[in-house]
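Report on the structure
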Amino acid sequence: MSKIIHSANARILIVTSVEAEKQAVLRGLGDVKGFEVAVVGVGVISAAVNTAYLLASTEYDLVINAGIAGGFKGKADIESVVVSSELIAADLGAESKEGFLSLEELKLGSACVKVNETLYTSVTTALREKGQKVQSGPILTLSTVTGTRETAEKLERAVPNAVAEAMEGFGVAVAAQKRKIPILEIRTISNMVGPRDRNAWKIKEALATLEQASSVLREVFR
Ligand SMILES: O=C(O)c1cccc(C(=O)CC[C@H]2O[C@@H](n3cnc4c(=O)[nH]cnc43)[C@H](O)[C@@H]2O)c1
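All values derive from a computational prediction rather than experimental measurement.

About the cut-offs
- Residues numbered from 1 in each chain as written.
- Predicted model: local features only at pLDDT ≥ 70, side-chain atom pairs only at ≥ 80, totals over all residues.
- Buried ≥ 20, exposed ≤ 12 C-beta atoms within 10 Å, placed from the backbone.
- Helix = DSSP H or I, 4+ residues; strand = E, 2+ residues; numbered from the N terminus.
- Pairing = 2+ DSSP bridges.
- Near = placed C-beta within 6 Å.
- pLDDT = per-residue confidence, 0-100.
- UniProt positions renumbered as here; feature names shortened; annotations may be inferred.
- Core = buried A, V, L, I, M, F, W, Y, C linked by C-beta atoms within 7 Å.
- Contact = placed C-beta atoms within 7 Å.

Summarising burial for strand β1 (residues 12-16): five of the five residues are buried, a large majority. Side-chain alternation along β1 places Ile-12, Ile-14 and Thr-16 on one buried face and Leu-13 and Val-15 on a second face that is also buried. As paired strands, β1 and strand β2 (residues 35-39) are joined by five bridges and run parallel to one another. Considered in β2, the bridge of Val-15 is made with Ala-38.

Next comes the structure, spelled out in structure tokens:
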């Protein structure tokens, strides 16, 4: 398996939104050295600020945003893993009569951080080799969890190859990008993007998959 981060002394920061995700990642990593796992809170602002704070005091070679997510129908099933090819702030822009206008269309910057292709394909391949059901593609960052079929379809039209949505990735990515550190988002699917049914979320199962995926990360980067 190709080594993406070559140095045995490489330092990898994994950030999650809540403690339960952090504990799942830690169980998967075991006692391997070189990884730091931190909770940066729910939502893009908290994630960006807290990640930037962590990156200001320690040198890291890679930042990973890990956690659970909603999967887009036909792209990522519950309990499967998604690996980001891009991290996209899907609600950052403006409404218009003609529809949503992205930051790019408004010429106000970019709402997309691309992931190094070798990085995401290597991790995707490693997870697949270990028997995980895994898809790579854009992972959307939203401030509001999608709760209707209408919004899900709007997002699917805006980013047709999006595999999942969560609430922190783009914020983590901007903090990492500022320091020129590679970024990756890895999520396990707890629910489908669409009509809200919080009781149907398979959080325990998604956290178990996150633990398994994290044990593969240990092998990829060590
Ligand atoms: O209640 C619990 O035990 C519990 C354990 C682990 C995580 C949670 C969360 O609620 C995590 C919130 C986190 O999850 C992401 N997420 C998950 N599904 C979606 C979605 O459909 N749309 C957007 N975000 C989603 C998100 O990143 C949240 O920060 C609870």
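To continue, consider the site of the ligand. Ser-17, Ala-20, Gly-70, Ala-166 and Met-167 are the nearest of the 20 residues found near the ligand. Looking at which element gives the most residues to the shell around the ligand, the answer is strand β3 (residues 62-71), with four residues.

For β3, the tally of buried residues reaches 10 of 10 residues, placing the bulk of the element in the interior. When β1 meets β3, the two strands line up parallel, connected through four bridges. Bridge pairing in β3 places Leu-13 opposite Val-63. As paired elements, β3 and strand β9 (residues 164-166) share two bridges and run antiparallel to each other. Bridge assignment links Gly-70 to a residue of β9, and that residue is Glu-165.

Attention now goes to the confidence of the model for the protein chain. In the predicted model, the protein chain carries a mean pLDDT of 96, and 97% of its residues have values of at least 70. Per-element confidence in the protein chain is highest for β9, whose mean pLDDT is 99, and lowest for strand β6 (residues 101-102), whose mean pLDDT is 95. Here the predicted complex carries an ipTM of 0.95, next to a pTM of 0.96.

It is worth spelling out the UniProt feature "domain: Nucleoside phosphorylase" (unreviewed entry) in the protein chain at this point. Here the UniProt feature "domain: Nucleoside phosphorylase" (unreviewed entry) sits at residues 37-220. Between the first and last C-alpha atoms of residues 37-220 the distance is 17 Å; the span itself is 35% helix and 27% strand.

Among the nonpolar cores identified, the biggest contains 66 residues, and Ile-14, Val-63, Val-82, Ala-164, Val-172, Ile-183 and Leu-184 are the most heavily contacted of them. Setting aside residues no more than four positions away along its own chain, Ile-183 makes contact with Val-63, Leu-87, Val-113, Val-115, Val-172, Ala-173, Ala-176 and Gln-177.

Here we come to helix α5 (residues 169-178). Buried residues dominate α5, accounting for eight of its 10 residues. Those residues of α5 that sit buried are Gly-169, Phe-170, Gly-171, Val-172, Ala-173, Val-174, Ala-175 and Ala-176. Looking one or two residues past α5, Lys-180 carries a phi angle of roughly 60 degrees, positive in sign.

Assignment of secondary structure puts Ser-143 in the loop between β8 (134-141) and α4 (149-158). Each C-alpha atom of the pair Ser-143 and Leu-92 lies 9.3 Å from the other, and the pair is 51 residues apart in sequence. If we ignore the near neighbours within four places in the chain, the residues touching Ser-143 are Gly-43, Val-44, Asp-91 and Met-167.

To continue, consider the environment of Val-174. Mapped onto the fold, Val-174 is located in helix α5. For the pair Val-174 and Leu-101, spaced 73 residues apart in sequence, the C-alpha to C-alpha distance is 20 Å. Residues within four places of Val-174 in sequence aside, it is in contact with Ala-48 and Val-113.

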